[in-house]
Amino acid sequence: HEAPHGETRTFRVRVIRLNEPRLRTGRRLTEVHFTDGTALGVAKFWGARYLQRAVAPDAELVLWGRVRRNGGKLEIENAEFEAIGKDTDESLHTGRIVPVHPAGEGISPRVLRRVVHAAVTRYADQAPETLPEELRRRCDLMGAAAALRAIHFPSDLAEVEAARRRLAFEELLALQIALLLRRRAAVRDRKPHRYTEEGGLVDAFLASLPFALTGAQRRVIAEVRREMTSPYPMNRLLQGDVGSGKTVVAASATVLCVQSGLQAAWMAPTEILADQHYLNLRRLLEPRGIHVVSLASGLRRSERRERLDAIARGEAELVVGTHALLQEDVFFHRLGFAVVDEQHKFGVAQRAALRAKGHAPDVLVMTATPIPRTLALTLYGDLEVSVLDELPPGRTPVRTFLRSPLQRSPVYDFLRKEIEAGRQGYVVCPLVEESDKLQANAATQLRDQLAGGALPGLEIGLLHGRQSVDEKDQVMSAFRRGELPVIVATTVIEVGIDVPNATVMIIEDAERFGLAQLHQLRGRVGRGAASSYCILLSSATSEDAQTRLRAMVETNDGFAIAESDLVLRGPGDFFGTRQSGVLDLRVADLLRDAQLLEIARSEADRLLAADPGLRGREHGGLRGSLLRRFEDSAALLAVG
């Protein structure tokens, strides 16, 4: 009864009964109701036709899976189990710390356990030792053979943890060495281009902004300018919470690049974000005489050919697009600076491919999703890091409220009162995953419902991903001028929109959105001095959804939100598209092993400082491990 929600647990239970509820979908669900002597629970198995034959009432099972608490009831979905029987080697399976190995179809956990035990007994002592003895002693780590024996068949829980710590450290150390080698390789080349501060275009651009820079923006702009004017290429991560002003920092670097006779490129993960960057940068930079072009996917063939020619001739000074920038027919005349926005949605190879469009260009990676330090060290360990940790003056914290659909009427009454007071608001329609077309239809339907019901007589704007760049620009321009009091939108408004007079953000079916996405949407309000509000409408009752939405209500701190999101979803889901080869950790856990990761980083630095190519005899095992784990290690170590 004490098993915590969301964690994986193993139980020894007695089966009470089996049940097969009839479902409208036609899917087959078998429920196994059980007790462990302290509480009742139910394990759910989908499509498991064999269960009626394999499990009977009063049978004893070892049951394991992820615990869910649904209205106080304990559930385990997609559980796995093992019947407790009588075997000649029963001591291997009961009365001890019993390992649970993921068994495939056609082989039981008991059979697999016997196979693993035989393999460990026979071969563990032959496992190569990859960590130097001095390092193991300094970090208090088990040897490889002892760790392999203990991780499978430990004598006690302390031995399990010691073995896991050793194996996790080995993974993290290899990863940190690879990242440090990549960083060193990136700065070995001297870049062929030089930037000039002559002409004062950067200072004129910054002076033309209708707001004062924050201290953090001035500090990071100086860091970026200093590194760009050095002989070696910049590889820098720019982190900043919603509304901290990353775009202005990157735009100032773009101006420095263009005034020096070079080209710049901005790459975003989606057409929507690329369109928004294009519109914002055109508004910011074209008055300074900078020619900005977009490589959107919807261009006519003749129009695309025309823009490609302008890029190849160097006439297009700033090019904005998605991964379409990486296509073979895109040639830059002289690419000096590249921005990769929301980098976590790209793979490592895509960042390298953009860099290959020029010769050693400076690269600025930006993210508006604050990244916990453990993940920053893991995903971006090959980059220098700048953090915008200050919001512009005059911003007021956004007050966030969670309301049920039954309270929709007073919520929209509140929006109307804000509009009558001269303010503006956004309404975000429920997330529809299937297609842009369905999402656009959902937004249109919601706009029509509000016009005919909750917000009659008001002119309501509409923004969705099916609109052209010019259509979006017309709607947003009208909203900025105050001509539209309300916009109904999809997540196209997630980033890059700054209207200080907008004070209300209503998000319908908020449980459908991820935490980071909710935080980004909330960041569209609170951009002026007036009190601002984010209202989450949700009927969700699950513990996961409630935990996520409560986190939004309790804090405006993007880094705290990111930590909560990481705990709820894990590092793979947190980043959506996983980074190639980076998060494939079999033992290490980036949440649990944060301190171990810091130690691994420090030890990686120490090892490469003493032996840059890991050629010493004591480093042979570690070198071999790196070559097996990472494809580019051979090239990196050859010049280390």
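Details of the structure are given in the entry above.
Residues numbered from 1 in each chain as written. Predicted model: local features only at pLDDT ≥ 70, side-chain atom pairs only at ≥ 80, totals over all residues. Heavy atoms only, no water.

Caption draft 1: Representation of the sheet that holds strand β1 (residues 8-19) within the structure. As summarised here, the arrangement of the 5 strands in space is β1-β2-β3-β5-β4, forming a closed barrel in which the pairing is mixed. Taken over all neighbouring pairs, the strand axes of this sheet differ in orientation by 55 degrees on average, direction set aside. Where β1 and strand β2 (residues 29-35) come together, 5 bridges link them in antiparallel fashion. Residue pairing in the sheet places Leu-18 in a bridge with Val-32 of β2. (Pairing = 2+ DSSP bridges. Helix = DSSP H or I, 4+ residues; strand = E, 2+ residues; numbered from the N terminus. Axes fitted to C-alpha atoms, helices over the stretch in contact; angles between N-to-C directions.)

Caption draft 2: Quick look at the pairing of strand β18 (residues 533-537). Here β18 lies mainly inside the structure; 5 of its 5 residues are buried. Burial of the side chains of β18 extends over both faces: Tyr-533, Ile-535 and Leu-537 are buried on one face and Cys-534 and Leu-536 on the other. Taken together, the 5 bridges between strand β13 (residues 399-403) and β18 define a ladder with parallel strand orientation. By the bridge assignment, Phe-401 is partnered in β18 with Ile-535. As judged from the 4 bridges shared by strand β17 (residues 502-507) and β18, these two strands associate in the parallel manner. By the bridge assignment, Ile-506 is partnered in β18 with Ile-535. In this fold, the crossover linking β17 to β18 by way of helix α16 (residues 515-522) has right-handed handedness. (Buried < 20%, exposed > 50% of the residue type's maximum accessible area, 1.4 Å probe, protein only. Right-handed = clockwise from strand over helix to strand, strands pointing away.)

Caption draft 3: Highlighting the pattern of salt bridges. Evaluation of the coordinates by the stated rule reveals 31 salt bridges. Among the ionic pairs, Arg-481 bridges to Glu-483, the shortest N-O distance being 2.7 Å. You can call Glu-483 partly exposed: its relative accessible area is 45%. Arg-512 is paired through a salt bridge with Asp-509; the nearest N and O atoms lie 3.3 Å apart. Judged by its relative accessible area of 43%, Arg-512 falls in the partly exposed class. With relative accessibility at 18%, the residue Asp-509 sits in the buried group. The structure contains a network of salt bridges with shared partners spanning Arg-219, Glu-223, Glu-227, Arg-236 and Asp-389. (Salt bridge = Lys/Arg side-chain N within 4 Å of Asp/Glu carboxyl O.)

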